[in-house]
Number of protein chains: 2
Amino acid sequence: MDKRVIVLHSGGVDSTTLLYHYVRQGCEPISLTICYGQKHKKEIECARKTSKIFQVKHLEIEIPLPFSNSALLNSSIEVPKSDYTVETQKITVVPNRNMILLAYAIGFAEDLKCGYVAYAAHHNDRAVYPDCREEFFYALNVASMLGTYQNVKIEAPFISWTKGEIVRYGVSLGVPYEYTWSCYEGGEKPCGQCGTCHERRQAFEFAGVPDPLEIKHRRS
Amino acid sequence: MDKRVIVLHSGGVDSTTLLYHYVRQGCEPISLTICYGQKHKKEIECARKTSKIFQVKHLEIEIPLPFSNSALLNSSIEVPKSDYTVETQKITVVPNRNMILLAYAIGFAEDLKCGYVAYAAHHNDRAVYPDCREEFFYALNVASMLGTYQNVKIEAPFISWTKGEIVRYGVSLGVPYEYTWSCYEGGEKPCGQCGTCHERRQAFEFAGVPDPLEIKHRRS
């Protein structure tokens with residue numbers, strides 16, 4: 001298949017599974033990692049590592065997201081230590097993040113003559129993040145097709161899947177999850193307490209396999 | 001009217017008219033100038049100046065647009081010296097520019113609790129720039145409303161107007177056009193040769209008034 005697709009690749013579980021999904025489909029994915037002042041660089045290192053393992057081209061750019069009211073960007077706001085619920089996670093919303101990231105991905109697609117971009121939005125995020133919802137994705141897809149010479153299309157194959165379903169699928173593909181990072185903190189090992197650590201644990205429980213990242217840290 | 005609106009304000013004729021339109025409507029516009037590696041800074045200085053004259057809050061950010069195939073960003077590609085036609089201007093297209101700029105404006109709107117963003121797309125640009133077309137604008141508007149907690153709306157009141165109609169309207173409002181810049185080159189005075197210089201001259205001819213910027217430079 002000669003489908004060329006720019007994949008938004010943060011280095012977390014979902015986007016790494018998505019990138020490998022396109023590799024296994026025989027497409028020509030390009031990994032695009034956008035650094036936007038996240039508090040730590042662990043995820044970005046993972047994105048580089050897995051791009052190398054999958055032998056796909058990797059692009060990296062740094063952009064400003066100068067919005068001051070998100071705990072992911074403002075170090076004076078604490079990331080909530082609790083379950084992954086709407087109320088606890090709302091403070092981690094970065095205003096309009098996915099539209100900004102996708103707009104860049106679409107720009108690269110247009111510049112590099114790729115017909116597609118993809119992002120790993122999924123069902124768990126829809127309650128908290130409006131830009132992970134199907135209705136947003138469908139509308140932006142239309143805008144992208146209309147706003148580009150190549151009618152660039154957006155794909156989000158996991159948008160109605162839970163994170164558990166993504167991990168189960170990724171395990172069946174052989175995604176090396178020891179090289180993915182989820183924790184909102186940037187410590188030596190995952191904190192185990194924050195919303196995404198909880199969510200990751202539940203996803204591996206659902207998939208019925210141990211988390212290779214946990215095994216690695218237990219060993220070390 | 002307590003309508004708060006983030007206006008994408010490049011410092012050119014169209015966006016400066018748009019900003020003043022909201023001032024005169026009694027809204028609370030905020031000028032947002034996004035610098036993205038244009039070859040010159042003349043427009044940006046104009047945006048600062050008119051924001052000051054209109055007494056509106058002015059935000060400025062710098063973002064990368066790392067796309068290599070546009071004459072506006074790549075100094076090894078020459079800006080075409082000729083009429084403003086699809087063929088001559090296509091090289092000046094920056095891939096997906098308006099979606100990227102609007103995505104930032106929407107992010108600021110969400111962060112600063114504004115319900116609206118606005119941009120000065122107009123009819124003359126629709127042939128060359130797909131992201132200045134009504135169908136793109138309508139689709140992105142839906143994505144923006146769905147992707148934000150505040151259902152941020154996009155306005156583009158000039159989208160079906162010609163540039164001449166914008167200038168005629170702006171003259172009736174009293175927009176100080178001597179503090180706007182159009183020329184793609186960043187010389188001491190407008191080159192008079194490039195596509196936007198041609199287009200600006202035609203717009204003032206249509207409006208039936210002399211261009212105050214030309215008068216200023218003729219005097220100096």
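Residues numbered from 1 in each chain as written. Chains lettered and ligands numbered in written order. Predicted model: local features only at pLDDT ≥ 70, side-chain atom pairs only at ≥ 80, totals over all residues.

When helices and strands are counted, chain A shows eight helices and five strands. Seen in sequence order, chain A has helices and strands lined up from the N terminus as β-α-β-α-β-α-α-β-α-β-α-α-α. The contacts of chain A with a sequence gap of at least 6 include a subset with a gap of at least 24, amounting to 70%. (Helix = DSSP H or I, 4+ residues; strand = E, 2+ residues; numbered from the N terminus. Contact = placed C-beta atoms within 7 Å.)

A word on the interface of chain A and chain B. Often, the extent of an interface is quoted as the loss of accessible area upon association of its parts. Counting from both sides, the interface comprises 31 residues of chain A and, opposite them, 32 residues of chain B. Of all the secondary structure elements, the ones that give two or more residues to the side of chain A that touches chain B are α4 (97-112) and α5 (134-147) of chain A. Of the residues assigned to the side of chain A that touches chain B, the class counts are 20 nonpolar, six polar and five charged. (Nonpolar A, V, L, I, M, F, W, Y, C, P; charged D, E, K, R; others polar.)

Per-chain confidence: chain A averages 91 in pLDDT, with 90% of residues scoring 70 or above. Reported confidence for the predicted complex is 0.91 by ipTM and 0.92 by pTM. (pLDDT = per-residue confidence, 0-100.)

Turning to the sheet that holds strand β3 (residues 57-62) of chain A, a few remarks are in order. Residue and element names in this part refer to chain A. Across the sheet, which stays open at both edges, the five strands sit in the order β3-β2-β1-β4-β5 with parallel pairing between neighbours. Each having just a single partner strand, β3 and β5 (153-155) make up the two edges of the open sheet. This sheet shows a mean twist of 25° between the axes of neighbouring strands, independent of strand direction. Inspection of the sheet shows strand β1 (residues 4-8) paired to strand β2 (residues 28-35) by five bridges, in the parallel sense. In the sheet register, V5 faces β2, and the bridge partner there is P29. Here helix α1 (residues 13-24) sits on the sheet and contacts β1, β2 and β4 (116-118); the angle it forms with β1, its principal contact strand, is near 170°. (Pairing = 2+ DSSP bridges. Axes fitted to C-alpha atoms, helices over the stretch in contact; angles between N-to-C directions.)

This part takes up the relation of the copies chain A and chain B. Rotating chain A by 180° and moving it 0.0 Å along the rotation axis overlays it on chain B with an RMSD of 0.0 Å. Given the turn and translation reported, the copies of this chain are related as if by a two-fold rotation axis. Residue by residue, 100% of the interface of chain A is reproduced at the interface of chain B, so both copies engage with the same surface. (Least-squares fit on C-alpha atoms with pLDDT ≥ 70 in both.)

Among the five residues of β1 of chain A, four are classified as buried, and the element is accordingly described as predominantly covered. Crossover handedness for the path β1 of chain A to α1 of chain A to β2 of chain A: right-handed. (Buried ≥ 20, exposed ≤ 12 C-beta atoms within 10 Å, placed from the backbone. Right-handed = clockwise from strand over helix to strand, strands pointing away.)

A few words now on helix α6 (residues 163-173) of chain A. All names here are of chain A. All of the buried residues in α6 are K163, I166, V167 and G170. Buried positions in α6, seen along its axis, are confined to an arc of 95° and lie on one side of it. Residues of α6 that are buried in the fold lie against α1 and α7 (195-207). G174, located one to two residues past α6, shows a positive phi value of around 95°. (Arc of directions from axis to C-beta.)

So, on to unusual backbone geometry. Residues and elements named next belong to chain A. Even without a glycine there, the phi angle at N96 is positive, about 60°. Topologically, N96 is positioned in the loop between α3 (86-89) and α4. One non-glycine residue, K113, lies in positive phi territory at about 60°. With respect to the helices and strands, the residue K113 is situated in the loop between α4 and β4.

Another point: α5 of chain A. In this model α5 of chain A runs 20 Å from its N-terminal to its C-terminal C-alpha over 14 residues, within 8% of the 20 Å that 1.5 Å per residue would give. Residues F136, F137, A139, L140, A143, S144 and G147 of chain A constitute the buried set of α5 of chain A. Angular distribution of buried residues about the axis of α5 of chain A spans 165°; they occupy a single face of the element. Close packing links the buried residues of α5 of chain A with α4 and β5 of chain A together with α4 (97-112) and α5 (134-147) of chain B. (Expected span 1.5 Å × (residues − 1).)

Let us now look at the sheet that holds strand β4 (residues 116-118) of chain B. Residues and elements named next belong to chain B. As summarised here, the arrangement of the five strands in space is β3-β2-β1-β4-β5, forming an open sheet in which the pairing is parallel. Because the sheet does not close on itself, it has two edges, and the strands there are β3 (57-62) and β5 (153-155). Direction aside, neighbouring strands of the sheet carry axes that sit 25° apart on average. As paired elements, strand β1 (residues 4-8) and β4 share three bridges and run parallel to each other. Bridging across to β4, I6 finds its partner in V117.

Residue and element names in this part refer to chain B. Following both chains from N to C, one finds helix α1 (residues 13-24) and helix α6 (residues 163-173) inclined at 45°, their axes separated by 10 Å at the closest point. Judged on the interaxial angle alone, α6 and α1 are oblique. Between α1 and α6 lies a crossing whose hand is left-handed. Residues V13, D14, T17, Y20, H21 and R24 of α1 lie in contact with α6, whose contacting residues are K163, I166, V167, Y169, G170 and L173. Looking at the contact of α1 with α6 residue by residue, the class counts come to six nonpolar, three polar and three charged. (Parallel < 35°, antiparallel > 145°, perpendicular 65-115°, else oblique. Left-handed = near helix turned anticlockwise from the far one by under 90°.)

Residue and element names in this part refer to chain A. Within the secondary structure, V167 is located in helix α6. Considered as a pair, V167 and C114 are 53 residues apart in the sequence and their alpha carbons are 27 Å apart. Dropping the residues within four chain positions of it, V167 is found in contact with V13, A203, F204 and A207.

Glancing now at the environment of S160 of chain A. Residue and element names in this part refer to chain A. Mapped onto the elements, S160 comes out in the loop between β5 and α6. Expressed as a C-alpha distance, the spacing of S160 and H123, which sit 37 residues apart in the sequence, is 5.0 Å. With near-sequence residues (within four places) excluded, S160 lies in contact with H123 and E134.

Here the focus is the environment of V13 of chain B. All names here are of chain B. Summarising the element assignment, V13 is placed in helix α1. V13 gets classed as buried once you count the C-beta atoms within 10 Å, which come to 27. For the pair formed by V13 and Y179, sequence separation is 166 residues and the distance between their alpha carbons is 8.9 Å. Not counting the four nearest positions on each side in its chain, V13 is found in contact with I166, V167, Y177, T180, S182, R200 and A203.

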